[in-house]
Amino acid sequence: MAPVIVPKTPGSKASSQPTSTEGEEGAENEAGGVPWNAIIKTGYIVLFSVISAVVLFVVYLYVTADRGDVADEVQLNQGNEIQTRIEQSETGEKYIKWIPAKNSATMEGFKVKVHHVLWGKVRGKDERGDIIESDRPFVNVFLELANRSGNKFHFKSWYGNVFTAENGASRTAQISDDEKQQYEPILFDDLADLKWWTPSKTFEPLEEGTDSIVFDVPEDFDPKQVEFLFLDLPGEAVTRDGAGKPMGGSYRFKIPRSMIQGL
């Protein structure tokens, strides 16, 4: 990218004959002397142009550089601290309550319960309504939702969505096994509908519903070796009507292997 050249004042042009007054700076030009002022001025212009070009080139390299996907992945879930919370609850450093999955968790009157976990292929409908399934098994979590208050709640599914915490950090649903292997949710582009999935919904008082999430795991993942799964669901998926901002915190569940179907 070339440095910007500022145009001259409109209508100005060089005079046809040089003029000079004896005793003024630059008079040496007319006498055939060395034009030091012109040389110095030109040197400054060239130096400034070179420096500008170098700075612009460095900025260009920084903007267009491919810095990989790792930073993006870290930033995506920078608000999630599932491993830290597991360790804090184990060491007693901080009181973190992981609700046994056979029970429900309620915040501000909005209740969430893990109905069951399925280890198996993901089945759903495509845009034409045909049943399709994944080519390999994943961890499918099925949830029961309920409004147990007199207020309305606006809900946005944990499947396929990224939420923003009050401090600006991005969060998604997360799951971890008891070996502290962490797994992220996965979104299927060719699925228009998924079992139990509720993309968004306004829950009237005492109204119930469902939701589902699919978590990506390695192909060699063996659920039979898992004793517990730890599930973290961002509270930002739920907004009480009139509150002005989503809830914070998390719905946290400790899921025993006995609740995993398809083993």
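Residues numbered from 1 in each chain as written. Predicted model: local features only at pLDDT ≥ 70, side-chain atom pairs only at ≥ 80, totals over all residues. Heavy atoms only, no water.

Peer 1: Summarise the environment of Pro246; cite the residues concerned and give the values.
Peer 2: By the secondary structure assignment, Pro246 is in the loop between β14 (238-240) and β15 (250-256). Pro246 gets classed as partly exposed once you look at its relative accessible area, which sits at 37%. Residues Pro246 and Gly235, 11 residues apart in the sequence, show an inter-C-alpha distance of 7.3 Å. (Helix = DSSP H or I, 4+ residues; strand = E, 2+ residues; numbered from the N terminus. Buried < 20%, exposed > 50% of the residue type's maximum accessible area, 1.4 Å probe, protein only.)

Peer 1: How would you summarise the environment of Gly129 if you had to cite specific residues and measurements?
Peer 2: Residue placement: Gly129 occurs in the loop between β3 (110-125) and β4 (131-147). Judged by its relative accessible area of 40%, Gly129 falls in the partly exposed class.

Peer 1: Could you give me a rundown of the pattern of salt bridges, with the residues and numbers involved?
Peer 2: The final tally for this structure, using the stated rule, is 13 salt bridges. Here Glu133 ties to Arg123 by a salt bridge, and the two come within 3.8 Å at their closest N and O atoms. One end of the pair, Glu133, is in strand β4; the other, Arg123, is in strand β3, with 10 residues separating them in the sequence. Of the charged contacts, one joins Glu166 and Lys245 as a salt bridge, the two residues approaching to 3.0 Å between their closest N and O atoms. Residue Glu166 is found in the loop between β6 (163-164) and β7 (170-171), and its partner Lys245 is found in the loop between β14 and β15; the two are separated by 79 residues along the sequence. On the accessibility criterion, Lys245 (47% relative accessible area) is partly exposed. Here the salt bridges share partners, and the residues they tie into one network are Arg171, Asp232, Glu236 and Arg252. (Salt bridge = Lys/Arg side-chain N within 4 Å of Asp/Glu carboxyl O.)

Peer 1: I'd like a rundown of the pairing of strand β12 (residues 208-215), residues and numbers included.
Peer 2: Counting buried residues along β12, 6 of its 8 residues qualify, which places the element largely inside the surrounding structure. Where β4 meets β12, 8 bridges bridge the pair, whose relative direction is antiparallel. Pairing of Val141 across the sheet is with Ile213, part of β12. (Pairing = 2+ DSSP bridges.)

Peer 1: Tell me about the sheet that holds strand β8 (residues 174-177), and please be specific about residues and values.
Peer 2: Sheet architecture is open: 5 strands sit in the order β1-β15-β13-β8-β9, paired in mixed fashion. Both outer strands of the open sheet, β1 (99-100) and β9 (182-183), are each paired with one neighbouring strand and no more. The pairing of β8 with β9 spans 2 bridges and is antiparallel. In the strand pairing of β9, Ser176 is matched with Gln182.

None of this, on its own, says anything about what the molecule does.
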